[in-house]
Amino acid sequence: MDGSNSIVDAVVGEHCAEPACGARPLALAKHCATHLTDASAWRRALEDAVRRGDKLEGLSLASAPLDGAKLDLGEMAGCDLSRARLDGASLRGIDFKGACLRSASLRAADLTAAKLFETTLDAADLSGSILFRANAQRASFRGATLARADLRSANLRRADLDGAVVDDACFEGALRE
Ligand SMILES: [Zn+2]
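Conventions and cut-offs
- Residues numbered from 1 in each chain as written.
- Predicted model: local features only at pLDDT ≥ 70, side-chain atom pairs only at ≥ 80, totals over all residues.
- Helix = DSSP H or I, 4+ residues; strand = E, 2+ residues; numbered from the N terminus.
- Rg over C-alpha atoms; globule rule 2.2 N^0.38 Å.
- Buried ≥ 20, exposed ≤ 12 C-beta atoms within 10 Å, placed from the backbone.
- Contact = placed C-beta atoms within 7 Å.
- Core = buried A, V, L, I, M, F, W, Y, C linked by C-beta atoms within 7 Å.

Chemist: A description of the overall build of the protein chain should follow, citing residues and the corresponding values.
Modeler: Secondary structure summary: the protein chain contains 1 helix and 0 strands in total. On C-alpha atoms alone, the protein chain measures out to a radius of gyration of 16 Å, which is about the 16 Å that the 2.2 N^0.38 rule sets for 177 residues. Projected onto the principal axes, the alpha-carbon positions of the protein chain cover approximately 50 × 30 × 25 Å. When burial is assessed residue by residue, the protein chain has 47% of its 177 residues classed as buried. Here the contacts in the protein chain between residues at least 6 apart in sequence split such that 6% fall between residues at least 24 apart.

Structure (structure tokens):
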């Protein structure tokens, strides 16, 4: 690491360093997710930023390789995590308010007490995930897979579950309208 205090300071440029790639680089990286050279080091840097309590709102994290990442209590409101890979990630109490996780993979992720207010999870794979006590008011789960998910005591008021697969999901005590 370069000793930056803020993850935002470490955003390197507007475009991926790979010649002719016009994609935005991942926050904290010179490259986009496709051209990221050391994914595990990059993931550790993000985990460290969360552990320090850095504000990570609105960052560009599309297609980020974050399987198994430990991002508990991360402040990641408004981040673009579309197509991100978060299988088995620990996301307890994370703030994903208004974030976009469209088509993200969150299989068996632990989202206990996560803040999913107005979060977009359309077409996301949340199979076997834990959403116990999550606040998903006004969240959009259109076409998402929630098979075997644990949604006990989750707040799903005004959440959009249109076309979502909920086979064997548990909604005990969940708030719905
Ligand atoms: Zn690239």
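Don't stop here, the text continues.
Chemist: Tell me what's going on with the nonpolar core, and back it up with residues and numbers.
Modeler: Counting residues in hydrophobic clusters, the biggest one holds 58 residues, and the most contacted among them are Leu26, Leu61, Leu81, Ala84, Leu86, Leu101 and Leu131. If we skip the residues at most four places from it in the chain, leucine 101 touches Leu81, Ser82, Ala84, Phe96, Thr119, Thr120, Leu121 and Ala124.

Chemist: Outline the environment of serine 129, supporting the account with residue identities and numerical values.
Modeler: Here serine 129 is to be found in the segment after helix 1 (39-52). What makes serine 129 buried here is the crowd of 30 C-beta atoms within 10 Å. It is 26 Å that separates the C-alpha atoms of serine 129 and threonine 34, two residues lying 95 residues apart in sequence.

Chemist: Give me unusual backbone geometry: which residues, what numbers.
Modeler: Positive phi outside glycine occurs at glutamate 118, with the angle close to 60°. Despite not being glycine, arginine 158 has its phi angle at roughly 60°, a positive value. Looking at where arginine 158 falls in the secondary structure, it is placed in the segment after helix 1.

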